[in-house]
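Observations on chain architecture
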Amino acid sequence: MLISGGRLSPEQVSLFNEDGYLIIDNVFDPADLEPIRQDLEREIGRKLEQMQDDGKLSQTYPEASFEQRVTRIYHDSRENGEEVLRHLEGARGGGYQGRCLFDLITHPKLLDVVSDLVGPEIIASSAYRIRPKISGVGRGDVPWHQDSGYFAPHCDRHLILTCWIPLVDATVENGCMEIIPKSHKSGIFRHHTGGNMGLYVIKDEDLPATQRNKVAAECPRGGVVLMTNLTAHCSTPNYSDTIRWSLDLRYQSADAPNNVNLWPGSSESDADANTQIACYPPEADFIVRSSNSPESVVDYDGFVSRRAAYEDLGIASPRQWAPIS
Ligand SMILES: O=C(O)CCC(=O)C(=O)O
């Protein structure tokens, strides 16, 4: 589906509300994604040189493409591949945090679309991820879940919008997501711990009967998959011989619970408040668009320092589930 004038039409907003997801093929010009792609390539190069200097690997495959290089490292040594992936992925404040990432998170074209669903006061919610899904390696396969399975229960009734952005065309072959339309209308499903890579998982028998209507969320480079936090989705194996690079970014209204005014670790009461209030307390939320208080919009340095402040805090995940049996 396409947008015109960079904004969602009222019909597209209704479709999103009805189905719990929407795939827009043309949010970005493919060229808009070049800076982050090139910066990730440079970051991978730097990391591999450092690992080579540390004597961890002899081959760094500088001639390999963005879609191939980390695969070669991974297939030579799982341990080295994991180290590179962890370096990039980002969780609890870590991972790749180049300016090009910030520029993408705050890209006006993306925020225009986000504002059509979330409203004009936009907070980039804490949990964003970079996902290089390597062919033939199951670590990138994500079991059925709702993002709210990870968020605090009091946030189930708020919209936390996922913007899933492929850096290459995402297809069934290279492991795009699958989505169950309208699943966001049934509240939170029971999750369990112990899915692939320790992720939360909804068992098949706990998924709604409409799972038979699941759709493959194929999306071209330049497009964005928009989803609610209650939309059930999973991510399928990569059967291609290239890496399926994507980012998932999240946004919410400033009216939804958040931790933008809390500086973690400054006092015990802050930490308590943080745990009770934010939708995903382990990581930092930050304001990316505001007409009410434009001065509160974070700049790149503010983004990096807020993320860093949460990095080693070890704040517990706000939602706990029983182990899978
Ligand atoms: O990128 C993927 O393969 C999975 C993404 C996902 O599950 C999510 O964004 O919640």
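Residues numbered from 1 in each chain as written. Predicted model: local features only at pLDDT ≥ 70, side-chain atom pairs only at ≥ 80, totals over all residues. Heavy atoms only, no water.

**Observations regarding helix α8 (residues 300–310)**
Each full turn of the α-helix corresponds to 3.6 residues, which orients residues three or four apart in the same direction. Operational definition: Classification of residues uses two cut-offs on accessible area relative to the type maximum, computed with a 1.4 Å probe and protein chains only: under 20% is buried, over 50% is exposed, and between them is partly exposed. Segments assigned H or I by DSSP are reported as helices when at least four residues long, segments assigned E as strands when at least two residues long, and all are numbered from the N terminus. Directions from the helix axis toward the C-beta atoms define the arc.
Within α8 the residues assigned to the buried category are Tyr300, Gly302, Phe303, Arg306, Arg307 and Tyr310. The buried residues of α8 occupy an angular sector of 165° when the element is viewed end-on, so they sit on one face.

**Focus on the state of the cysteines**
Cut-off, in case you're wondering: In what follows, a disulfide is any cysteine sulfur pair within 2.5 Å.
For the structure shown, the criterion picks out one disulfide. One disulfide in the model links Cys155 with Cys279; its S-S distance is 2.1 Å. Sign of the S-S torsion, about -90° for the bond between Cys155 and Cys279, identifies this disulfide as left-handed. Of this pair, Cys155 sits in the loop between β3 (142–145) and β4 (160–166) while Cys279 sits in the loop between α7 (268–277) and β10 (286–289), placing them 124 residues apart in sequence. With no disulfide partner, Cys219 has as its closest neighbouring cysteine sulfur the one in Cys176, 9.3 Å distant. Looking at Cys234, it has no disulfide partner, and the nearest cysteine sulfur is the one in Cys176, 9.1 Å off. Using a relative accessible area of 7% as the deciding quantity, one classes Cys234 as buried.

**A look at the sheet that holds β3**
Keep this limit in mind: Each pair of strands is called paired provided DSSP finds at least two bridges between the two strands. Geometry is summarised by axes, namely lines fitted to C-alpha atoms with helices restricted to the contacting stretch, and by angles between N-to-C directions that run from 0 to 180 degrees.
With antiparallel pairing, four strands are arranged side by side in an open sheet as β3-β8-β5-β6. Single-partner strands in this sheet number two, and they are β3 and β6 (215–217). On average, each strand axis in the sheet is inclined to that of its neighbour by 20°, with strand direction left out of account. Here strand β5 (residues 177–179) runs beside strand β8 (residues 233–235); their pairing, made up of three bridges, is antiparallel.

**Overview of the pairing of β4**
Burial runs high along β4: seven of the seven residues are buried. Residues Ile160, Thr162, Trp164 and Pro166 of β4 are buried on one face, and the alternating residues Leu161, Cys163 and Ile165, pointing to the opposite face, are buried as well. With three bridges joining them, β4 and strand β7 (residues 224–227) adopt antiparallel strand pairing. Counterpart to Thr162 in the pairing with β7 is Met227.

**Describing the packing of helix α3 (residues 69–76) against helix α4 (residues 78–89)**
Under the convention used in this document: In these notes the angle categories are as follows: under 35 degrees is roughly parallel, over 145 is roughly antiparallel, 65 to 115 is roughly perpendicular, and the rest is oblique. Contact definition: two residues touch when any of their heavy atoms are within 4.5 Å. Residue polarity follows a fixed list, in which Ala, Val, Leu, Ile, Met, Phe, Trp, Tyr, Cys and Pro are nonpolar, Asp, Glu, Lys and Arg are charged, and the others, Gly among them, are polar.
The geometry of α3 relative to α4 is characterised by a closest axis approach of 5 Å and an angle of 140° between their N-to-C directions. Compared by their axis directions, α3 and α4 come out oblique. Residues Val70, Ile73, Tyr74 and Asp76 of α3 lie in contact with α4, whose contacting residues are Arg78, Asn80, Gly81, Glu82, Val84 and Leu85. Within the contact of α3 with α4, the residues separate by chemical class into five nonpolar, two polar and three charged.

**A word on the side chain of Arg306**
To keep things clear, this is the line we draw: Any pair of nitrogen or oxygen atoms within 3.5 Å is treated as a polar contact; in protein, a donor-acceptor pairing is required on top of that, and neighbouring residues in sequence qualify only through side-chain atoms on both sides.
With respect to the element layout, Arg306 can be found in helix α8. Of the polar contacts made by the side chain of Arg306, one reaches the backbone oxygen of Leu262; its length is 3.3 Å. When neighbours within four sequence positions are excluded, Arg306 is seen to be in contact with Asn259, Val260, Leu262, Trp263, Ala284, Asp285 and Phe286.

**Some details on the domain arrangement of the protein**
Accessible area lost when the parts come together is the quantity often used to give the size of an interface. The cut-off we apply is this: The source of the domain bounds is an automatic or database domain assignment. Each of two parts loses accessible area, computed with a 1.4 Å probe, when they are put together; buried area is these two losses added. Each salt bridge in this description consists of a side-chain nitrogen of Lys or Arg and a carboxyl oxygen of Asp or Glu lying within 4 Å of one another.
Each domain of the protein was delimited in the assignment, giving domain 1 (10–31 + 97–310) and domain 2 (35–89). Each of domain 1 and domain 2 was reduced to a C-alpha centroid, and the two centroids are 26 Å apart. Here domain 1 meets domain 2 over a buried area of about 1,800 Å², counting both sides, of which 67% is carbon and sulfur. Applying the counting criterion to the domain 1 and domain 2 interface returns two salt bridges. Residues Arg139 and Glu82 are paired through a salt bridge, measuring 3.0 Å at the closest nitrogen-oxygen approach. There are six residue pairs in polar contact (both at pLDDT 80 or more) connecting domain 1 and domain 2. Only α5 (99–105), β2 (122–133) and β9 (244–253) provide two or more residues apiece to the side of domain 1 that touches domain 2.

**Here we look at the site of the ligand**
Note the threshold: Summary of the distance rule: residues count as near a molecule or strand when at least one heavy atom falls within 4 Å of that molecule or strand. For the accessible areas, the method is Shrake-Rupley and the probe is 1.4 Å, while residue cover comes only from the protein chains on display.
Neighbouring the ligand are the residues Arg131, Val142, His145, Asp147, Trp164, Met177, His233, Ser235, Arg244, Ser246, Asp248 and Arg250. Contacts to the ligand include Asp248, whose side-chain N or O atom sits 3.5 Å from an oxygen atom. A total of 290 Å² of accessible area belongs to the ligand in isolation, and the protein chains cover 99% of it. Contributions of two or more residues to the shell around the ligand are made by β3, β8 and β9. If one sorts the elements of the shell around the ligand by residue count, β9 sits on top with four residues. Its residues assigned to classes, the shell around the ligand comprises three nonpolar, four polar and five charged.

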